[in-house]
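A look at the structure
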Amino acid sequence: MAFNFDQWIDRHHSDSLKWRKYGNRDILPLWVADTDFRSPPAVIEALQQRVEHGVFGYGAEPNALIDVVIERMATRYNWRIEAEWLVLLPGVVAGLNLCVRAFTSPGEGTVAPTPIYPPFRLAAKWADRSQINLQMRLENARWTMDLAAAEMQLTGNEKLLMLCNPQNPGGTVYRRDELAAQLRFAQQHDLIVCSDDIHCDLILEPGLQHIPFATLDDDAEQRSITLISPSKTFNIAGLGASLAIIPNKALRQRFNDTRRGIVPSVDILAITAATAAWRDGQPGWRRSWIIYAVIATGCARR
Ligand SMILES: Cc1ncc(COP(=O)(O)O)c(C=O)c1O
């Protein structure tokens, strides 16, 4: 279907975080992954229908969304997941913070690449946990992680490796051999792995494939938490609906124990939008997202 990317929508008076930052100054606020395009028609129609229903009580387990996610993971990423592995969250950043608090204790630390999307660092800081930074290096116009150098930095107190795939910033889509090296690193140092895959649907280069860390093998699956969300791909970040995929029962239990009573359940309109986006979001519309992806994460690189 055709989508009008030339339509200018003024967001100045919509309580937009992005547009409020510089007020009325003549600045294009390209500081956050939040575009000014309308969401796909399927999302807008689903929201309209849900609003028309007119009753907005507490939501139950969103079966349609769960089915869509299971199907999507299988068809796009060849990953067969089970409904009980899924934990709904109002945001991926909440998931990063929960991982730090659930899988490290005071005095223990985290490991994350640098540079990285700032909430990775802040999640450790806010929980009063240390973080070892794995330096990203520019090699052949592509940012890669220097795991050998990282070996020297570890203290033995680290419990959590925090990955971002595709990496923000830099746009690196990790190859299978790189993910395998990250898995070996995690195994050698007995690390749980949290992988933020929020940008995984925005791969630009033909032939380039996102590989979820958890799909490497059984061990990777059992030590991993994968965070996903339709918010970037379909520009619905203000309707926070994200998921943690946690195959290991004990890890899921710890994650849920940390979350319970503190992190609210996901808004029913956010669930409606996420379900429609992932089920009915038009491929043509998604392809046109190149402009956004370049701004948000830099060009994805082989
Ligand atoms: C890597 C990464 N993770 C998470 C987020 C934000 O996720 P959420 O809005 O679901 O908390 C962003 C936003 O730009 C991001 O780039």
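Structure: above.
Every residue gets a number counted from 1 within its own chain, in the order that chain's sequence is written. Predicted model: local features are reported for residues with pLDDT of at least 70 only, side-chain atom pairs are reported and counted for 80 or more only, and whole-chain, interface and lining totals are derived from all residues. Values shown for side chains rest on all heavy atoms present in the structure; no hydrogens or waters enter the calculation.

1. Concerning helix H3 (residues 63–77)
Where we set the bar: For the purposes of this entry, the term helix denotes a DSSP run of H or I that reaches at least four residues, the term strand denotes a run of E that reaches at least two, and both are numbered from the N terminus. How far a helix is expected to stretch is found by multiplying one less than its residue total by 1.5 Å. Burial classes: relative accessible area under 20% of the type maximum marks a residue as buried, over 50% as exposed, and values in between as partly exposed (1.4 Å probe, protein chains only).
A rise of 1.5 Å per residue sets the reference length of H3, with its 15 residues, at 21 Å; its end C-alpha atoms lie 21 Å apart and thus fit the reference within 8%. For H3, every residue scored as buried is listed here: Leu65, Ile66, Val68, Val69, Arg72, Met73, Ala74 and Tyr77.

2. Description of the sheet that holds strand E8 (residues 242–245)
The strands that make up a sheet are held in pairs by hydrogen bonds between backbone atoms, and each pair lies either parallel or antiparallel. The test is simple: Only strands joined by at least two bridges in the DSSP assignment are considered to pair. Every angle, taken between N-to-C directions, lies between 0 and 180 degrees, and every axis is a line fitted to C-alpha atoms, over only the stretch in contact when it is a helix.
Taken together, eight strands build an open sheet; the order of strands is E1-E8-E7-E6-E5-E2-E3-E4 and the sheet is mixed. Each edge of the open sheet carries a strand with a single partner, namely strand E1 (86–89) and strand E4 (142–145). Within the sheet, the average angular offset between the axes of one strand and its neighbour, ignoring direction, is 25°. Inspection of the sheet shows strand E2 (residues 109–114) paired to strand E3 (residues 130–139) by six bridges, in the parallel sense. When the sheet's bridge partners are listed, Thr114 is paired in E3 with Gln135.

3. Focus on the environment of Leu243
We count it as follows: Only heavy atoms matter for contacts: two residues are in contact if any of them lie within 4.5 Å across the pair.
Here Leu243 is to be found in strand E8. Through-space distance from the C-alpha of Leu243 to that of Ala42 is 21 Å; in sequence the pair is 201 residues apart. Excluding anything up to four places from it in sequence, Leu243 contacts Val69, Leu86, Val87, Leu88, Thr226, Leu227, Ile228 and Trp278.

4. Quick notes on unusual backbone geometry
For the bond running from Thr114 to Pro115, omega is 0°, close enough to zero to count as cis. Secondary-structure assignment places Pro115 in the loop between E2 and helix H5 (119–126). Residue Asn165 is joined to Pro166 through a cis peptide bond whose omega torsion reads 0°. By the secondary structure assignment, Pro166 is in the loop between strand E5 (158–164) and helix H7 (176–188). One non-glycine residue, Asp190, lies in the positive phi region at around 50°. Relative to the helices and strands, Asp190 resides in the loop between H7 and strand E6 (192–196). Residue Asp190 is classed as exposed on the basis of its relative accessible area, which comes to 58%. The phi dihedral of Asn235 is positive, around 55°, even though this residue is not glycine. When you line up the elements, Asn235 lands in the loop between strand E7 (224–228) and E8. Of the residues examined, Asn235 reaches a relative accessible area of 13% and is grouped as buried.

5. Regarding the site of the ligand
The condition that has to hold: Being near a molecule or strand, for a residue, means having at least one of its heavy atoms within 4 Å of it. What qualifies as a polar contact is a pair of N or O atoms within 3.5 Å, subject to a donor-acceptor requirement within protein and to the restriction that residues adjacent in sequence count only when both atoms come from side chains. In these tables, accessible area is a Shrake-Rupley quantity obtained with a 1.4 Å probe, and a residue counts as shielded only by the protein chains included in the view. When residues are grouped by polarity, Ala, Val, Leu, Ile, Met, Phe, Trp, Tyr, Cys and Pro land in nonpolar, Asp, Glu, Lys and Arg in charged, and all others, Gly among them, in polar.
What surrounds the ligand is the set Ala33, Gly91, Val92, Val93, Tyr117, Cys164, Asn168, Asp196, Ile198, His199, Lys232 and Ser242. At 2.8 Å, a backbone N or O of Val92 approaches an oxygen atom of the ligand. Between an oxygen atom of the ligand and a main-chain N or O atom of Val93, the distance comes to 3.0 Å. Considered on its own, the ligand offers 400 Å² of accessible surface; in the complex 87% of this is hidden by protein. Grouping the constituent residues of the shell around the ligand by class yields six nonpolar, four polar and two charged.

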